[in-house]
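Letter by letter, the chains look like this.
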Amino acid sequence: MFVDVDTLGDGARLEAEVAIVGAGPAGIVTALELGRAGIDVLLVESGRERFDPDAQRLSDAAWRSDTHVDMALAVRRQVGGTSTIWGGRCVPYDPIDFDARAIAPDAAWPVAYDEVTPYFGRACEWSVCGRPVFDAQRLPGLAGRTLVPGLADGELRSSDLERWSLPTRFGSRYRAELEASDRVRLVAGLTCTRVVADTTGARVDRLTTRTLDGKQVEVHARRYVLAANGLETTRLLLASGLGDASGHLGRWYMAHTAGRIAVVRFTTDPRETIYDHERDEDGVYVRRRLSFSRDVLQRSGLPNIVFWLVNPELGDPGHRSGVLSFAYLALSSPLGRFFAPAAIRASMTKSAVPGSRRAHAANVVRDLPRAVAFALSFGYRRFLKRGRRAPGFFTYSPSNTYLLQYHGEHLPNADSRVSLSDELDAVGMPRLAVDMRFSDADVDGVVRAHRELDEQLRRAGVGRLEYLAEDLGASVRAQLEGGYHQTGTTRMSARPEDGVVDPDLAVHGCEGLYVASGSAFPTSSQANTTFMVVAFALRLADHLRELREAT
């Protein structure tokens, strides 16, 4: 049920068996799973159901490094959390991420990959992305084909899939269940400002919360879950003076390496290249990537990294494509916010050539029939069709040459961190200072991964890479930026001295306090975090239910 925060008096007290801070994917999934089990849950969200710019400004950083995106692009204070600005890509971490590796000697997962995979099916159900199958060779209709003819899976793989949800906005998708539940109460517009421990400091006593107009409300529960996004969860722990006995809280901040430094030129029949999304037998959109086997990554000491075939840079009219120029003009127009989330829109248009709008318009006029056909076809599939919407589009290359997008692991670095500043926000919380750092090893890993990919393609006799610049390291460095996928700052560890939370996501040394966030992940993988966050939220919900049944 929904509780109107305006009906609460100043100094009100709310009680529940479990209190959850943050109504994003992790918070909503954990709350509803517990509610279905008959557990009384209070779900507290700083934002409202509709976007509130005043609430959003609470997440502004006091300072951030040049490598970190604006917080407004990475954090959303709203019911549904960052799923309201999510593209819908669903992909799990890989077994290599859980291995002991020389390139990440300080990062040890205290849980095994096989302990997490049983939750993939339920994570797919909650994310509405189909069945938990991420290998094209295991799907009827897709099996038997490879990205290009002759490229069978081996040391280089092309059958690994990402799945695409509707995209699922968790706030709207599960609103009816939240409203109808007699076990889950959702209070929007209430910001948790501190987790208060009891006199021993070993157990949580209460949460202090505030509205933007200054009303204070106390929350009391038996157990507490912080599901307020990666950095906001970390910020709350730092401000509360909890979880940092080991000195790891706020450190090891990771995102991903991402960018484009090469094109791939295939020597196979261009008509046989799988360059676009496919749909499985359930109608779910899926997409293939190029990736390396576990053995190659271990043997070569490479970071976990994947590659996609993508369109030429939209912002450069030199592609002479009316379709691509139409897409660029639409995304960069005042109406662009209706076509794609801000972060995706910024990524797709950042290559804009100054003063090129006239050239883009000329491309559209020159290629008007195809541009119009694209606008009508993709517009229907993306915005008007009921059910699953097309997650994007990719254009065919008659020359079988495609720009190559990479997305790779950001290696753990203790000096990449967030800390509290002296600047306070509107509810009295210290704002964050964000110092995201990439190392020479991150740059070297990306370059070596491209060299390995080129060698594998040549060995298979299917193609080669052609680089966009002579100095590959400089090209990689120029594109280093992150903050959309926030991991590492409350890292999970078996021993209290090695991290912030234990394998069950309980904060070391503070009974009854848990973290449901990608910030607990010791490594960042090649994947965005949403799917794995949902999987771990399900695992946490099962753990809390078992604890309750045992008492």
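Residues numbered from 1 in each chain as written. Predicted model: local features only at pLDDT ≥ 70, side-chain atom pairs only at ≥ 80, totals over all residues. Heavy atoms only, no water.

**Digging into the sheet that holds strand β20 (residues 463-467)**
- Taking strand neighbours across the sheet as the criterion, the 6 strands line up as β6-β15-β16-β17-β12-β20 in an open arrangement whose pairing is antiparallel. Bordering the open sheet on either side are β6 (156-157) and β20, each of which pairs with just one other strand.
- Across the sheet, helix α14 (residues 440-460) lies against β6, β12 (256-266), β15 (290-292), β16 (305-310), β17 (401-409) and β20, angled at about 145° from β20, the strand it touches most. (Pairing = 2+ DSSP bridges. Helix = DSSP H or I, 4+ residues; strand = E, 2+ residues; numbered from the N terminus. Contact = heavy atoms within 4.5 Å. Axes fitted to C-alpha atoms, helices over the stretch in contact; angles between N-to-C directions.)

**A look at the sheet that holds strand β5 (residues 89-90)**
- Taking strand neighbours across the sheet as the criterion, the 4 strands line up as β5-β7-β14-β13 in an open arrangement whose pairing is antiparallel. Taken across any chain shown, the strands that pair with only one partner, and hence form the sheet edges, are β5 and β13 (278-279).
- The sheet contact formed by β5 and strand β7 (residues 161-164) spans 2 bridges and is antiparallel. Along β7, the bridge assignment pairs C90 with R163.

**A look at helix α8 (residues 230-240)**
- Counting buried positions over the 11 residues of α8 gives 9, a clear majority of the element.
- Every buried residue belonging to α8 is among G230, L231, E232, T233, T234, R235, L236, L237 and S240, and all of these are buried.
- The distance from a side-chain oxygen at the start of α8 to the backbone nitrogen of L231 is 3.2 Å, and the residue carrying that oxygen is N229.
- Backbone geometry just after α8 places G241 at a positive phi near 70°. (Buried < 20%, exposed > 50% of the residue type's maximum accessible area, 1.4 Å probe, protein only. Polar contact = N/O pair within 3.5 Å; in protein donor to acceptor, adjacent residues only side chain to side chain.)

**Some words on the pattern of salt bridges**
- Counting across every chain of the model gives 44 salt bridges.
- Note that R185 is salt-bridged to D40, the shortest N-O span being 3.5 Å. Within this pair, whereas R185 is found in strand β8 (residues 184-188), its partner D40 is found in the loop between α1 (25-36) and β3 (41-45), the two being separated by 145 residues in sequence.
- For R157, the salt bridge identified is with D153, shortest N-O distance 3.6 Å.
- According to the relative accessible area criterion, D153 is partly exposed, its value standing at 28%.
- A single salt-bridge network, built from bridges that share partners, covers E33, R122, D542 and R545. (Salt bridge = Lys/Arg side-chain N within 4 Å of Asp/Glu carboxyl O.)

**As for the pairing of β7**
- Alternating residues of β7 divide into L161 and R163 and E162 and W164, and every residue in both groups is buried.
- Across 3 bridges, the pairing between β7 and strand β14 (residues 285-288) is antiparallel. Looking at the pairing, L161 lines up with R288 of β14.

**Concerning the nonpolar core**
- Within the largest apolar cluster, 92 residues are counted, with the highest numbers of intra-cluster contacts made by V225, L513, F531, M532 and F536.
- With 11 residues, the top contributor of residues to this core is helix α16 (residues 530-550).
- Filtering out sequence-adjacent residues up to four positions away, V225 remains in contact with V18, A19, I20, V21, Y514, A516, L540 and L544.
- Counting residues in hydrophobic clusters, the runner-up holds 51 residues, among them Y253, F307, L309 and V462. (Core = buried A, V, L, I, M, F, W, Y, C linked by side-chain atoms within 4.5 Å.)

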